[in-house]
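Structural characterization, general
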Amino acid sequence: MVSMKDISSYCHVSIATVSKALNNRGDISDETKMRVRQAAKEMGYLPNSSARALKTKRTYNIGVLFIDEANCGLTHSYFSHVLESFRRGVENAGYDITFISKNAGGNHLSYYEHSRYRGVDGVVVACVNFEDESVQELVNSNIPIVTIDYSFENHPSVLSDNRDGMRKIVEYVVGKGHRDIAYIHGEPSMVTELRLQSFRRTMSRLGVPVREDLIREGIYLNPIVSATVTDELLTLKDRPTCIIYPDDFSCFGGLNRIEANGLSIPDDISVVGYDGQQISRILEPKITTYKQNTEELGRLAAQKLVHSIENGKNEGTEHLVVRGQLVHGDSVKQL
């Protein structure tokens, strides 16, 4: 393996000069920097990460805690885009990423223990059971943490504006003349609670009574459950004129059942999705949906975590809220 000593001999400079060139120090000439770096590249030099960690007190490795209960993994229709943006952000800042789990080297570890085992400089936490004891242990440790779509008092977070998303959906649907509006929400979570609150408040502000029989619980990213709940809503004597789904993927399950019941969209019943997935623009009719700004969510999470790591302190309790936009489709009828 090529060492800095080898490069110093090749370039006829000191090891200290090689170190300064490779670390872009300002007390040597640009010409020397270029000559040393070119030599290092030609000789196949790679810095030793362990030695670098000893010197800088950092591993330049960031942990990602992402435990997807829907079992979509990195194909998750929402978080996959957020985490891809996050990955680009931290890699541009010179960091690698490691996924945190409860297993390492054949041993069962807590999330905190795995983070220590991997020596990560910080952790981004998304799509987990935030009440889990192991998550709480990690969050209450001295490791820099940034959460996505959930906020703790002692750590910064980046949140999609779920209140704004539901407000825009309800205002649009009511503006189209709908009053009997069903809402199939996801399982209990901070995101679900924010959307439910916004749904009720917006309906009240617009003077539209909320029909409790039209508020049903589903499961995020589960079209089978949404299909079953849609069937239940369609059998009501006074069925809804519009159904709002927890996400676009769940909406597709509802579409299938509506068509199976001999109804058409939007002539017989209107539908609205959430997330703004590309497939919602391909299907016919095109689905009206709220597109979350996944690119900005990931970028800000990376920015906050890297800043916290490099400043050697917790970023406090700042909670950044990111708005998306309502994407108009053909799935909501004017009454």
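Everything that follows concerns the structure shown earlier in this document.
First things first, this report covers the structure right here in the doc. In this text, all values refer to a predicted model and were calculated from it rather than measured experimentally. (Residues numbered from 1 in each chain as written. Predicted model: local features only at pLDDT ≥ 70, side-chain atom pairs only at ≥ 80, totals over all residues. Heavy atoms only, no water.)

Thoughts on the overall build of the protein chain
As a reminder of what qualifies: What counts as a helix is a DSSP run of H or I of at least four residues, what counts as a strand is a run of E of at least two, and both are numbered from the N terminus. A radius of gyration in this sense is built from C-alpha atoms; the matching globule rule multiplies 2.2 Å by the number of residues raised to 0.38. Only protein chains enter the area calculation, which uses a 1.4 Å probe; residues under 20% of their type maximum are buried, those over 50% are exposed, and those in between are partly exposed. Note on definitions: a residue-residue contact is assigned when non-hydrogen atoms from the two residues lie within 4.5 Å. Residue burial considers only the protein chains on display, and all accessible areas are found by Shrake-Rupley using a 1.4 Å probe. In summary, the charge assignment counts Lys and Arg as positive and Asp and Glu as negative, without counting His or the chain termini. In this description, the location of a charge corresponds to atom NZ of lysine, CZ of arginine, CG of aspartate or CD of glutamate.
Helix and strand counts for the protein chain stand at twelve helices and 14 strands. Taking 2.2 N^0.38 as the reference for a compact globule, 335 residues should give roughly 20 Å; the C-alpha atoms of the protein chain span a radius of gyration of 25 Å, well beyond that estimate. The proportion of buried residues among the 335 residues of the protein chain is 50%. Expressed as a percentage of contacts within the protein chain between residues at least 6 apart in sequence, the contacts between residues at least 24 apart total 68%. Accessible surface computed for the protein chain: about 16,500 Å², of which carbon and sulfur atoms make up 49%. Here the protein chain holds 38 positive side-chain charges and 43 negative ones, and the gap between their average locations is 6 Å.

Section: the sheet that holds strand 2 (residues 96–99)
Here is the rule we go by: Two strands pair under a simple rule: DSSP has to find at least two bridges between them. Structural elements are reduced to axes, namely lines fitted to C-alpha atoms, with helices fitted over the stretch in contact, and the angle between N-to-C directions of any two is expressed from 0 to 180 degrees.
Strand order in the open sheet made by the six strands is 2-1-5-6-7-13, with parallel pairing throughout. Single-partner strands in this sheet number two, and they are strand 2 and strand 13 (319–322). Going from strand to strand, the sheet's axes swing by 20° on average, the running direction of each strand aside. The sheet contact formed by strand 7 (residues 157–160) and strand 13 spans four bridges and is parallel. Of the residues in strand 13, the one forming a bridge with Val158 is Leu320. Across the sheet, helix 5 (residues 79–92) is in contact with strand 1 (61–66), strand 2, strand 5 (122–126) and strand 6 (145–148); its angle to strand 1 comes to roughly 175°.

A look at the packing of aromatic side chains
Spelled out, the test is: The aromatic pairing rule takes the rings of Phe, Tyr and Trp, using the six-membered ring of Trp, and pairs them if the centres are within 6.5 Å, calling planes under 30 degrees apart stacked, those over 60 edge-to-face and the rest tilted. Only Lys NZ and Arg CZ are tested; either one counts as a charge over a ring when it is within 6 Å of the ring centre and within 35 degrees of the ring normal.
Using the criterion set out here, one finds nine aromatic pairs in the structure. Connected via pairs of aromatic rings, a cluster forms that spans Phe66, Tyr78 and Phe79. Sitting over the ring of Tyr274, Arg195 keeps its end group 3.6 Å from the ring centre.

With respect to helix 11 (residues 248–260)
Definition in use: Take the residue count of a helix, subtract one, and multiply by 1.5 Å to get its expected span. Under the rule applied, a polar contact is a pair of N or O atoms within 3.5 Å (in protein, one hydrogen donor and one hydrogen acceptor; residues adjacent in sequence only if both atoms are side-chain atoms).
Look at helix 11: 19 Å from first C-alpha to last across 13 residues, which is about the 18 Å you get at 1.5 Å a residue. Of the positions making up helix 11, those classed as buried are Asp248, Ser250, Cys251, Phe252, Gly253, Gly254, Leu255 and Ile258. If you check the start of helix 11, you find a side-chain oxygen 3.1 Å away from the backbone N of Phe249, and it comes from Asp247. A positive phi of about 75° marks Gly262, the residue just after helix 11.

With respect to the nonpolar core
Which entries qualify depends on this criterion: Remark: nonpolar core denotes a set of buried residues (Ala, Val, Leu, Ile, Met, Phe, Trp, Tyr, Cys) joined through side-chain atoms within 4.5 Å.
Counting 26 residues, the largest nonpolar core has Ile62 and Phe86 as the members making the most contacts within it. Those elements that provide at least two residues to this core are strand 1, helix 5, strand 5, strand 6, helix 12 (294–310) and strand 13. The element contributing the most residues to this core is helix 12, with seven residues. Setting aside its immediate chain neighbours within four residues, Ile62 contacts Phe86, Val90, Tyr95, Asp96, Ile97, Thr98, Val120, Gly122, Leu305, Val306 and Ile309. Judged by nonpolar contacts, the second largest core, of 20 residues, contains Val208, Ile215, Cys242 and Val332.

Here we look at the environment of Asn140
With respect to the helices and strands, the residue Asn140 is situated in the loop between helix 7 (133–139) and strand 6. In this structure Asn140 comes out as exposed when scored by relative accessible area, which is 53%. Taking the C-alpha atoms as reference, Asn140 lies 35 Å from Arg216; in sequence the two are 76 residues apart.

Regarding helix 5
Residues three or four positions apart in an α-helix share a direction because the helix packs 3.6 residues into each turn. With 14 residues, helix 5 ought to run about 20 Å at 1.5 Å a step, and its terminal C-alpha atoms sit 20 Å apart, in line with that. In the core, the buried residues of helix 5 are packed alongside strand 1, strand 2, strand 5, strand 6 and helix 12.

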